[in-house]
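Chain by chain, the residues run as shown.
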Amino acid sequence: MTAVAGGLDRVVLTGVSKTYDTASGTAVALSSTDLVIEPGEFVSIVGPSGCGKTTLLHLLGGFLEPSGGALRVGADPIAGPGPDRGVVFQAPTLYPWLSVRGNIEFGPKCRGVERKTRRTESDRLLRLVGLADSGDKRPYELSGGMQQRAQIARVLANDPRIILMDEPFGALDALTRERLQVELLRLWRESGKTIVFVTHSVAEAVFLSTRVLVMSARPGRVIVDRRIALPGDAPDRVRDLAVTATPEFQVVKAELAQAIYNA
């Protein structure tokens with residue numbers, strides 16, 4: 001499954017590491033890491049708890065500074081959060097005093113986008129995430145899954161080149177999670193964005209991704225970089241959940257699960 005590239009920029013990590021000072025000394029959260037993510041890829045990161053998955057994502061988001069090495073998007077160094085990178089957190093972070101539409105339009109409004117243009121774009125995004133009838137509702141009136149879809153729409157409204165997702169479906173029930181996985185693949189296909197997705201679920205990573213990275217136990221490092229090709233994959237086709245029952249899917253899932261167990 002390949003994506004239509006959403007930009008000309010690659011994400012490049014060169015010798016990136018992260019250490020923390022603790023009461024008992026220095027803790028290495030991320031060992032020296034070299035990594036390239038191509039435009040339009042869907043890359044998932046899995047590994048044991050505490051392996052540095054979220055640290056790596058926060059470094060990409062510019063929320064943390066590396067202790068060593070360099071990160072860049074294209075020719076631009078990552079020196080902090082920026083509009084080229086949007087973040088979807090595990091818990092929805094919608095503004096409760098705004099409507100769903102108001103949340104989606106908040107970023108463009110702050111950038112000075114005129115009202116008519118904002119409305120046209122929010123209408124498009126509400127349709128895209130399946131919330132066309134919920135634009136005037138407040139976040140508390142939505143289910144958890146609907147709130148996550150609204151959060152994704154808010155990120156897309158800022159038109160980032162890269163979307164960083166930190167276990168966004170971890171707190172959802174199984175049926176809602178599966179539905180949002182398929183919707184996320186459709187959004188990825190239609191938008192052509194680069195997505196970096198942290199998850200504890202190997203099955204979720206295999207189903208969603210063009211590529212899965214497995215990280216070792218602390219100090220975290222990438223020990224497996226696996227391209228994912230499943231039956232029926234095609235540039236114009238979104239994966240169906242039925243693929244999870246195929247022998248090919250189960251083989252890849254078992255391989256990656258074993259890598260995590262051995263980490």
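Now for a description of the structure that goes with this document. Remember, it's a predicted structure, so these values are computed and weren't measured experimentally.

## Brief notes about the nonpolar core
Stage number 1. Phe 42, Met 165, Leu 184, Ile 195, Phe 197 and Val 206 are the most contacted members of the largest nonpolar core, which has 45 residues in total.
Stage number 2. Not counting the four nearest positions on each side in its chain, Leu 184 is found in contact with Phe 42, Met 165, Phe 169, Ile 195, Phe 197 and Leu 208.
Stage number 3. With 23 residues, the next largest nonpolar core counts Val 43, Cys 51, Leu 56 and Leu 57 among its residues.

## A few points about the side chain of Ser 99
Stage number 1. Looking at the secondary structure, you find Ser 99 in the loop between strand 6 (85–88) and helix 2 (100–110).
Stage number 2. Excluding its chain neighbours within four sequence positions, the residues that come into contact with Ser 99 are Gly 135, Asp 136, Lys 137 and Arg 138.

## A word on the sheet that holds strand 2 (residues 25–37)
Stage number 1. Taken together, the four strands give an open sheet; going across it, the order is 2-1-4-5, and neighbouring strands pair in antiparallel fashion. The open sheet is flanked by strand 2 and strand 5 (76–77), the only strands paired with a single partner.
Stage number 2. Of the strand pairs in this sheet, strand 4 (residues 68–73) and strand 5 are connected by two bridges, and their pairing is antiparallel. Paired with Val 73 across the strands is Asp 76, a residue of strand 5.
Stage number 3. On the sheet, helix 1 (residues 53–61) packs against strand 1 (11–22), strand 2 and strand 4 and is oriented at approximately 120 degrees with respect to strand 1.

## Here we look at helix 7 (residues 247–262)
The periodicity of an α-helix, 3.6 residues per turn, causes residues three or four places apart in sequence to face the same way.
Stage number 1. In a regular helix each residue adds 1.5 Å, so 16 residues correspond to 22 Å; helix 7 covers 22 Å between its end C-alpha atoms and thus fits that length.
Stage number 2. Regarding helix 7, the residues found buried are Phe 249, Val 252, Leu 256, Ala 259 and Ile 260. Along helix 7, the residues classed as buried sweep out an arc of 100 degrees about the axis, all on the same side. Across helix 7 from its buried face, at more than 90 degrees, point the exposed residues Pro 247, Val 251, Tyr 261 and Asn 262.
Stage number 3. Taken together, the buried residues of helix 7 touch strand 3 (42–46), helix 6 (202–208), strand 9 (211–215) and strand 10 (222–227).

What counts and what doesn't
- Residues numbered from 1 in each chain as written.
- Predicted model: local features only at pLDDT ≥ 70, side-chain atom pairs only at ≥ 80, totals over all residues.
- Heavy atoms only, no water.
- Core = buried A, V, L, I, M, F, W, Y, C linked by side-chain atoms within 4.5 Å.
- Buried < 20%, exposed > 50% of the residue type's maximum accessible area, 1.4 Å probe, protein only.
- Contact = heavy atoms within 4.5 Å.
- Helix = DSSP H or I, 4+ residues; strand = E, 2+ residues; numbered from the N terminus.
- Pairing = 2+ DSSP bridges.
- Axes fitted to C-alpha atoms, helices over the stretch in contact; angles between N-to-C directions.
- Expected span 1.5 Å × (residues − 1).
- Arc of directions from axis to C-beta.

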